[in-house]
Amino acid sequence: MAKGSFEASAPGKVILLGEHFVVFGKPALVMALDRRARVRVKLLELQADNIKVHSLNIPNASPAELQPIKEAAIKAMEFLGLRKGLEITVNSDIPISAGLGSSAAVSVATIAAVGGLFGVRFTKEDLCRLALEAERLVHKNPSGIDPTIATYGGILLFEKGKPPEPVKLDLDFQLIIGNTGIARSTGEMVAKVGLLQLYYPEIFESLLEGAHRLVLEALEALRASDLEGLGRLFNVNHGLLSAIGVSDISLERLVYAARAAGAFGAKLTGGGGGGCMIALAEAGRLDQVVQAIRKAGGEAFIAAPSERGVMLEA
Ligand code: MEV
C-alpha cells in the first residue's frame, strides 16, 4: 500500500579512465561523487496517469528536459504493474549536462523512490536495468556505466554487460573537477565516435587496445596508492580521447591550465565536447590547481569519492 510520499537519492560520478571506449566493450574505472540528486515522489490519488515533474535546479525546464524523469517513473511503475498519478520533485547538487552523471542519478533515485512509495525495494540489478532502459530513450547506445555507479556508489571497474567490480582502496584522495560550462549531448558524442570506428576500423581497434591497457595500469596505480602514476595515465587517456575527437578547445584550456599549475595529470571526463575535466594533484597543490582552472575560464571544485550509492530516505 502506498503512503503519501517517498524520497530517494543517488550520487553523480566521474569516469576516471575509459569513457567512450567502454561503449565498445572495454573496461572503465568510475567513481561516485559526494554530490547527489534527491528525488521526492508523491502519489496523486485522484489523477491516475498524470505525472508532474518539477526540478528545483531548472525552474524553467522544458517538457523535453523533464521527459527522461517521467520515463524513469513510468518504467518503475510498469515493472510493478501499476499506472498511477505522481508528482516528482528533483533537487540535485550535481551540475547538469556536464558529464557528471546527473541524469542517471536522477533516474536511479526516481525509480528507487517510486518503488519505496509502493512499498517495494528494488534489487540493485533491477534498478540499474530499469534506469538503463530509461536512459536508452535519450541516448541510444549507452554502456550502462552511469546508472551502475549511481546505484552502487564507491569506485567500480565497469565492463558493459557484466556485474560491476568494486575497487577497495587504502587511499583517501580528492580530485579537482573543472567545468567548461558548455553543455553537450553524450548521445551525439557517442554517435560521432561510432562513425570514426566505421571509417577507420583498424586504427580504432588499436586505440581500443590502448584504452584497455591504460585502465588495467590505472587499476594497479590506484591499488598501489600511486596518484602520480595515475595522473600520468590521465594524460595518456586524454590523448586517446582527443584522438577520437571528443575533446574541444574549452576542455584543452582547462586541462593544460591544470597541468601547468602542477597537477600530476588531467583529462576530460564523461562524454566530452564541453562538460567537465578532472585533475589529480598532491594534497598541498589542490587549491592552486582549482585557481588555475578558474583563471582559464572554468568553474572548479574539489571532490572526493563517495561510498554511498542509491539511498532510500523515507
Ligand atoms: C558517459 O558518462 C560515458 C560514455 O562512455 C557514454 C556511455 O558509456 O554510455 C561517453
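Description of the structure in this document. It should be emphasised that the depicted structure is a prediction, and the values quoted were computed from it without experimental measurement. Along every chain, residues carry numbers that run from 1 in the direction the sequence is written. Only residues with pLDDT of at least 70 are given local features in this predicted model, and only at 80 or more are side-chain atom pairs given and counted; all residues enter the totals for whole chains, interfaces and linings. Side-chain descriptors were evaluated using all non-hydrogen atoms of the structure, hydrogens and water having been removed beforehand.

### Thoughts on the sheet that holds strand 8 (residues 265-269)
At least two DSSP bridges between two strands are needed for those strands to be called paired. Note on conventions: DSSP H or I runs of at least 4 residues are helices, E runs of at least 2 residues are strands, and numbering of each starts at the N terminus. Across the sheet, four strands lie side by side as 8-9-7-10; this open sheet has antiparallel pairing. Sheet topology places strand 8 and strand 10 (299-303) at the edges, where each strand pairs with a single neighbour. Across the sheet, the mean angle separating the axes of adjacent strands is 25° when strand polarity is ignored. The sheet contact formed by strand 7 (residues 175-179) and strand 9 (residues 276-280) spans four bridges and is antiparallel. The partner of I177 across the bridge, within strand 9, is I278. Whether two residues are in contact is decided by their heavy atoms: any pair within 4.5 Å suffices. Every axis corresponds to a line fitted to the C-alpha atoms, with the helix fit spanning only the stretch in contact, and the corresponding angles, defined between N-to-C directions, vary from 0 to 180 degrees. Strands in contact with helix 7 (residues 227-243) are strand 8 and strand 9; relative to strand 8, the strand with the most contacts, it is inclined by about 45°.

### Comments concerning the environment of G275
Residue position: G275 is located in the loop between strand 8 and strand 9. Assessed through its relative accessible area of 0%, G275 is described here as buried. Exposed residues in this analysis have more than 50% of their type's maximum accessible area, buried residues have under 20%, and partly exposed residues fall in between, with area computed by a 1.4 Å probe over protein chains only.

### Structural notes on helix 6 (residues 201-223)
Its 23 residues place the ends of helix 6 33 Å apart at the C-alpha level, agreeing with the 33 Å of an ideal helix rising 1.5 Å per residue. The set of residues buried in helix 6 consists of F204, L207, L208, A211, L214, V215, A218, L219, A221 and L222. Contacts from the buried residues of helix 6 go to strand 1 (5-17), strand 2 (28-44), strand 5 (155-158), helix 5 (186-199) and helix 7. Phi turns positive one or two residues past the end of helix 6, at S225, with a value near 55°. Working rule for helices: expected span equals 1.5 Å times residues minus one.

### Points about the environment of N57
Tracing the backbone through its elements, the reader meets N57 in the loop between strand 3 (51-55) and helix 1 (63-80). It is 15 Å that separates the C-alpha atoms of N57 and G181, two residues lying 124 residues apart in sequence. When neighbours within four sequence positions are excluded, N57 is seen to be in contact with V90, N91, S92 and I96. By the criterion applied in these results, polar contacts are pairs of N or O atoms within 3.5 Å in which, for protein atoms, one can donate a hydrogen and the other can accept it, and in which residues neighboring in sequence qualify only through two side-chain atoms. Reaching out from N57, the side chain makes a polar contact with the backbone oxygen of S92 at a distance of 2.8 Å.

### Focus on the side chain of R36
Here R36 is to be found in strand 2. Looking at R36, its side chain comes within polar contact range of the main-chain oxygen of R308, at 3.2 Å. If we skip the residues at most four places from it in the chain, R36 touches S9, A10, P11, N91, S92, D93, I94, S306, R308, G309, V310 and M311.

### Quick notes on unusual backbone geometry
Even without being glycine, H20 reaches a positive phi, approximately 65°. You can see H20 is positioned in the loop between strand 1 and strand 2. Notably, S225 is not glycine yet its phi reads approximately 55°, a positive angle. As for its placement among the helices and strands, S225 is situated in the loop between helix 6 and helix 7. Residue S225 is classed as partly exposed on the basis of its relative accessible area, which comes to 35%.

### Describing the site of the ligand
Near is defined per residue: the residue qualifies when any heavy atom it owns lies within 4 Å of the molecule or strand. Around the ligand there are 14 residues in total, and K13, H20, H139, S143 and D146 lie nearest to it. A distance of 2.9 Å is found between an oxygen atom of the ligand and a side-chain nitrogen or oxygen belonging to K13. Protein burial of the ligand: of its 300 Å² of free accessible surface, 98% is covered by the chains. Listed by contribution, the elements that provide at least two residues to the shell around the ligand are strand 1, helix 4 (145-152) and helix 5. Put simply, Ala, Val, Leu, Ile, Met, Phe, Trp, Tyr, Cys and Pro go in the nonpolar bin, Asp, Glu, Lys and Arg in the charged bin, and everything else, Gly too, in the polar bin. Residues that form the shell around the ligand fall into these classes: six nonpolar, five polar and three charged. Each domain's limits were defined by an automated method or a database of domain assignments. Here the shell around the ligand spans two domains, and each of domain 1 (5-169) and domain 2 (175-303) adds at least three residues to it. What sets the accessible areas is the Shrake-Rupley method with a 1.4 Å probe; for residues, cover comes only from the shown protein chains.

### Focus: helix 5
Taking 1.5 Å per residue as the helical rise, helix 5 with its 14 residues ought to reach 20 Å, and the 20 Å between its terminal C-alpha atoms agrees with that figure. The set of residues buried in helix 5 consists of M189, V190 and V193. Each buried residue of helix 5 sits inside an arc of 100° when the element is viewed along its axis, so together they form one side. Pointing more than 90 degrees away from the buried face of helix 5 are the exposed residues E188, L198 and Y199. Next to the buried residues of helix 5 lie helix 6. What the arc measures is the spread of directions leading from the helix axis to the C-beta atoms.

### A short note on a nonpolar patch on the surface
Among the surface-exposed residues, L195, L198, Y199, Y200 and I203 lie close enough to one another that they form a single nonpolar patch of about 590 Å² accessible area. Considering the arrangement of structural elements, one finds Y200 in the loop between helix 5 and helix 6. Overall, the relative accessible area of 46% leaves Y200 in the partly exposed class. For patch building, the residue pool is restricted to those with more than 30% relative accessible area and no salt bridge; the joining distance is 9 Å between like charges and 5 Å between nonpolar side chains (Val, Leu, Ile, Met, Phe, Trp, Tyr). Only one rule defines a salt bridge in this text: a Lys or Arg side-chain nitrogen within 4 Å of an Asp or Glu carboxyl oxygen.

### What to know about the side chain of D126
Note on placement: D126 falls in helix 3 (residues 124-136). A relative accessible area of 19% means that D126 is categorised as buried. There is a polar contact of 2.9 Å between the side chain of D126 and the side chain of R129.

By themselves, these figures tell us nothing about what the structure is for.
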